[in-house]
Amino acid sequence: MQTTAPGAPGIPPRWTTSAKDGIGTAINLASTVSFTLSHGILNEIYFPREDKAAIRDMGLIVTNGVDFFSEEKRNTNTQTHQVAPGVPAFTINNVCPENRFEITKQIVTDPLRDTVLQRTDFKINKKDDYHIYALMAPHLNNMGANNSAWVADYKGHPMIFAQNDDVALAFACSVLWKKRSVGYVGMSDGWQDLKEHKRMAWEYQTAENGNVAMIGEIDLEKTNGHFDLAVGFGANASEAAHQALSSLMEGFECVQRKYIEEWKNWQAHLRPLHQTATELGGMFRLSAAVLRSHQSKNFPGAMIASQSIPWGNAMGDDNRTGYHLVWPRDLVECAGGLLALNASEDVLRVLNYLMATQEADGHWPQNMWVEGTPYWQGIQLDETALPILLIDLCLKQKILDENDLQKYWTTVRKAAGFLLSHGPVTQQERWEEQSGISSFTVAATIAALLATADFADNMEEPQIAEYCRQTADAWNDSIESWLYAKNTRLAQEVGVEGYYLRINPTQTPAADLGDTTMQIKNKPDGENVMPITEMVSIDPLALVRFGLRAADDPRILNTLKVMDAKLKLETPSGDCWYRYVNDGYGEHEDGSAYNGIGIGRPWPLLSAERAHYEIAAGHISRAKELLQAVENFSNNGLLPEQIWDADDIPKKELFHGKRSGSAMPLVWAHAEYIKLVCSVMEQNVFDMPRHTQERYIKKKTESDRAIWRVDLPNHVLPKGKILRIETVSPALIKWTSDNWQNVNEKETEDMGLGIHYIDLPTRELVNEKIEFTIFWKNKNEWAGENYIV
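Residues numbered from 1 in each chain as written. Predicted model: local features only at pLDDT ≥ 70, side-chain atom pairs only at ≥ 80, totals over all residues. Heavy atoms only, no water.

Participant: It is not clear to me how the overall build of the chain should be interpreted in this structure. Could you clarify?
Facilitator: Within the chain, the regular secondary structure consists of 19 helices and 34 strands. At 29 Å, the chain has a C-alpha radius of gyration in line with the 28 Å of a compact globule built from 789 residues. Seen along its three principal axes, the alpha-carbon backbone of the chain occupies a region of about 100 × 50 × 50 Å. For the chain, the share of sequence-separated contacts (at least 6 apart) that also reach a separation of at least 24 residues comes to 68%. Working note: accessible area of the chain is about 28900 Å², and carbon and sulfur atoms make up 46% of it. The positive charge centre, built from 76 side chains, and the negative charge centre, built from 104, are 3 Å apart in the chain. (Helix = DSSP H or I, 4+ residues; strand = E, 2+ residues; numbered from the N terminus. Rg over C-alpha atoms; globule rule 2.2 N^0.38 Å. Contact = heavy atoms within 4.5 Å. Areas by Shrake-Rupley, 256 points an atom, 1.4 Å probe, with all protein chains shown as cover. Lys, Arg positive; Asp, Glu negative; His and termini not counted. Charge placed at Lys NZ, Arg CZ, Asp CG, Glu CD.)

Participant: Sorry if this is basic, but what is going on with empty space enclosed by the protein here?
Facilitator: To locate leftover empty space, one rolls a probe as large as a water molecule over the atoms. Inspection of every chain in the model, using the stated rule, returns 2 cavities of 30 Å³ or more. Here the largest cavity defines a volume of roughly 390 Å³. Contributing to the lining of the largest cavity are 30 residues, with E333, R545, F546, K675 and D687 lying nearest its centre. Elements with a contribution of two residues or more to the lining of the largest cavity: α7 (328–340), α9 (381–396), α14 (542–545), α16 (604–616) and α18 (667–682). Per-element tally for the lining of the largest cavity: the top contributor is α9, with 6 residues. Its residues placed into classes, the lining of the largest cavity shows 17 nonpolar, 2 polar and 11 charged. In terms of lining, the second largest cavity is formed by I23, Q82, P88, F90, L286, A289, V290 and L638. Sorting the residues of the lining of the second largest cavity by element identifies β7 (87–95) and α6 (284–293) as the ones contributing at least two each. Here the lining of the second largest cavity gets 3 residues from one element, more than from any other, and that element is α6. (1 Å grid on protein atoms, 1.4 Å probe; cavity = no way out; pocket = protein on both sides within 12 Å on 5 of 7 lines; lining within 4 Å. Points joined across faces, edges and corners; volume = space filled by probe spheres on them. Nonpolar A, V, L, I, M, F, W, Y, C, P; charged D, E, K, R; others polar.)

Participant: Help me understand the side chain of N142, please; the structure alone is not making it clear to me.
Facilitator: Structurally, the position occupied by N142 is in the loop between β10 (131–138) and β11 (147–154). Looking at N142, its side chain comes within polar contact range of the main-chain nitrogen of A53, at 2.6 Å. (Polar contact = N/O pair within 3.5 Å; in protein donor to acceptor, adjacent residues only side chain to side chain.)

Participant: For this particular structure, what's the right way to read the sheet that holds β7?
Facilitator: Reading across the sheet, the 9 strands line up as β6-β7-β8-β9-β17-β13-β12-β11-β15 and stay open at both edges, with antiparallel pairing between neighbours. The open sheet has two edge strands, β6 (77–84) and β15 (206–210), and neither has a second partner. Across the sheet, the mean angle separating the axes of adjacent strands is 20° when strand polarity is ignored. One ladder, built from 9 bridges, connects strand β8 (residues 101–109) with strand β9 (residues 115–124); its direction is antiparallel. When the sheet's bridge partners are listed, V108 is paired in β9 with L117. (Pairing = 2+ DSSP bridges. Axes fitted to C-alpha atoms, helices over the stretch in contact; angles between N-to-C directions.)

Participant: Quick question: what am I supposed to make of the side chain of R601 here?
Facilitator: The residue R601 is located in the loop between β25 (574–577) and α16 in this model. Among the polar contacts listed, one links the side chain of R601 to the backbone oxygen of E587, at a separation of 2.9 Å. At 2.6 Å, the side chain of R601 forms a polar contact with the side chain of D645. Excluding residues within four positions of it along the chain, R601 makes contact with Y578, Y585, E587, H588, E589, Q642, I643, W644 and D645.

Participant: Explain unusual backbone geometry here, please?
Facilitator: For residues that are not glycine, phi is negative in most cases, and the peptide bond is trans in most cases. A cis geometry characterises the amide bond from G423 onward to P424, with omega recorded as -5°. Inspection of the secondary structure puts P424 in the loop between α10 (405–422) and β18 (437–438). Positive phi values are uncommon outside glycine, yet W311 reaches one of about 50°. Within the fold, W311 resides in the loop between α6 and α7. Located in the positive-phi region is N780, a residue other than glycine, with phi close to 55°.

Participant: Could you clarify how one ought to interpret the environment of L248 in this entry?
Facilitator: By the secondary structure assignment, L248 is in helix α4 (residues 237–250). Given a relative accessible area of 18%, L248 falls into the buried group. For the pair L248 and C173, spaced 75 residues apart in the sequence, the C-alpha separation amounts to 8.0 Å. (Buried < 20%, exposed > 50% of the residue type's maximum accessible area, 1.4 Å probe, protein only.)

Participant: Whenever I open this one, the sheet that holds strand β27 (residues 722–727) confuses me. Can you help?
Facilitator: Paired through backbone hydrogen bonds, the strands of a sheet run either parallel or antiparallel to each other. In spatial order, the strands read β26-β27-β31-β30; together these 4 strands make up an open sheet with mixed pairing. Edge positions in the open sheet fall to β26 (705–708) and β30 (749–750), since each of these has one partner strand only. Pairing of β30 with strand β31 (residues 756–760) involves 2 bridges; the strand directions are antiparallel. Across the sheet, residue E749 finds its bridge partner in β31, namely Y757. The sheet strands contacting helix α12 (residues 462–483) are β26, β27, β30 and β31, and the helix crosses β26 at an angle near 90°.

Participant: Would you take a moment to explain the packing of aromatic side chains for this structure?
Facilitator: Any pair of aromatic rings gets described here by the distance separating the centres and the angle formed by the planes. In total, this model carries 25 aromatic pairs according to the counting rule given. Between W369 and Y375 the ring centres are 5.6 Å apart and the planes differ by 75°, which places this aromatic pair in the edge-to-face class. Judged by relative accessible area, which is 12%, W369 ranks as buried. An aromatic cluster of at least three residues, connected via ring pairs, comprises F68, F101, F122 and Y130. Above the face of the F68 ring, R100 is positioned so that its terminal group lies 4.1 Å from the ring centre. Its end group placed over the ring of Y580, R502 keeps NZ or CZ at 3.7 Å from the ring centre. (Phe/Tyr/Trp six-rings, centres within 6.5 Å; stacked < 30°, edge-to-face > 60°. Lys NZ or Arg CZ within 6 Å of the ring centre and 35° of its normal.)

Participant: Would you explain the pattern of salt bridges in this entry?
Facilitator: Side-chain pairing between opposite charges can occur once the charged atoms of the two side chains come close. The tally for this structure, following the rule as stated, stands at 57 salt bridges. K566 is paired through a salt bridge with E493; the nearest N and O atoms lie 2.9 Å apart. A residue pair is termed long-range when its members are at least 10 positions apart, and K566 in helix α15 (residues 554–567) and E493 in helix α13 (residues 489–494) qualify at 73 residues. The class for E493 is partly exposed, based on a relative accessible area of 45%. Here R659 and E653 are joined by a salt bridge, their closest N and O atoms 3.1 Å apart. Overall, the relative accessible area of 30% leaves E653 in the partly exposed class. Several salt bridges share partner residues, and in doing so they unite E333, R545, E672, K675 and D687 into one network. (Salt bridge = Lys/Arg side-chain N within 4 Å of Asp/Glu carboxyl O.)

Participant: What's the story with the nonpolar core in this structure? I'm lost.
Facilitator: Nonpolar side chains in soluble globular proteins generally cluster together in the buried interior. F171, F233 and F546 are the most contacted members of the largest nonpolar core, which totals 238 residues. Look past the residues within four positions of F171 in its chain and what remains in contact with it is M58, A134, M136, M159, I160, W177, M214, L229, A230 and V231. The next biggest cluster of nonpolar side chains, apart from the first, holds 14 residues, and it includes W735, F772, I774 and Y787. (Core = buried A, V, L, I, M, F, W, Y, C linked by side-chain atoms within 4.5 Å.)

Participant: What exactly am I supposed to notice about helix α11 (residues 439–458) here?
Facilitator: The periodicity of an α-helix, 3.6 residues per turn, causes residues three or four positions apart to be oriented the same way. Its 20 residues place the ends of α11 29 Å apart at the C-alpha level, agreeing with the 28 Å of an ideal helix rising 1.5 Å per residue. Burial analysis of α11 places 18 of its 20 residues in the buried class, which makes it a mostly covered element. A positive backbone phi angle near 60° is found at E460, which sits one or two residues after α11. (Expected span 1.5 Å × (residues − 1).)

In structure tokens form, the structure reads like this:
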């Protein structure tokens, strides 16, 4: 027997498909391991936390030792079922196309231990000398490289081990392994051995520091085709082995029973949005389980965006994060879904997590590991506005009361200060691609400032309350100037006066953009520039969703016509929408994986967002149609990030109107689905902010001010308005309205959140020019230029 496997370090590692059929974890905090399923086998297992993948996959191979080779994930017809509604425990049935055999598996995690358990029944339909093997690819610590695997015993029990730094796994069977081996993937692994020899001819003892795989043969004679596999985890081999062995000793039935009972108990406390899973909206319990399964055990309140890596089977260690990160925006949206279910304890954990991960200056990272370490370095204002709106929604839904504001006021205060000093221009908008003023971000920011004003009143800080309302009003009045384009080529093509833009990255009013172009990401050179006025997006729906514009506002109706002309896709499953024109995040035309460039595909999430618009417009029947479409887009109840929009490509598992290779499940989509089910039932938008609709749609409040900042210059002041000059540090403003014949000067005031301002008495001025300059007191220097409005 050769001790060391040859072929180090193996071929470059790859992850696995994002097309999940199920995800699962114990609902309690004692077990920190979770899993995903696809193509009839276990895919990634996550340990020691939700953002750390530990294996690529684990499946069975069946041979006859002579001329037959069958791999579960490629060579069987598979079906995956939940054992009960809303319980992420699964039964998988894999049938040989030649009807030689049938494999039935049940999969759970041990609620008391860091172990994944799989019960297997192997039924022979056509007699032969079958051999069955379990093959697993460790990817510990989010890495396929630098893993070491070896064969050893733990207190007399044969096991197969792997380790990467401070994480180890142990692979054990309920009966003694008949044979065991480890090797380097593509060179000396068990798959290569069985494919060539149809039996285990290799029995290597160690494979160090590489892309490794482990294999064990199950003794069919001793098991009679009935056996349990355990994958245990720990900080070292002994801990992992102890977990695996203890779970086997506990017994699969006992472990499964406890797992299911705990999930049923949690589901029993949720708001029953529907009675059966066959009703429209009946996916809500499964969606609830998806949300809960993505919550962190180590850092309560954290929720990753998806337990998947988009186009994972084409991705290696350079894309090890996948969607295993916390996006504060997605987190708030998911908390809204939990709130619609009355899962108040889960929502409060999210709020407390947000308090703990807020940066010192008041913003939240674009995304982060579950403990709060930033990953990407962009700053998106909606990620700072939405936590404020979540607190407001909790007040609206009465899981918080006014007395709780004291606890959250410091968080809100800092966040509002950041919004005031940086908004409404965001460094990157919600789809992580462009800086400027976007319709979604400005809507969320204005709504958050009004909520802050209400909180400030309750905290007896009237100056902050007044300033936040004044700023919200001024920005709300400016939306059309910033974002409503008229008389463009596209407007003429669709037959409308104008429409709201996705984003305006310039300081130029929308009406004056003309042929101004912008750079777009994820497109080949030569295709990555287009006119700003043709960057149509679904984002302007946020103006209705956040209560700033009425659903029947003529400008909104015009924008809907343009959206549908450019972004709507009709499929046999229902209508779906693209994010924006010329989106480059998706497969290539031939269906090959996104690799930094591609073609954007439609998002089921956006069908749910459009349905919320229809509810705001009073079109309940249309909202129900779109709710049905979202359900139709699901894969075994899991919602994909994108669906395929072209002719079927069966070899790449791409079918029109069904999942693409992007993330699945997208947890945000499940949260939006839950909120939609609730909104349809109540015939009212569940998460509409409390203050915006009353102030801007019913009362039609207008601003008496226009705001000027160095980074947001305002060149034209409407008649009758006060010019407010804002700075982020103390300053002296010197100004004139008569070409410096008369000079005025005044120091700025501190409004209480780090913003300094002065209101110039410009109401009575008509057709005049205001010229001013700034003396920065902290630097003891003049700005060095004059500014003109």
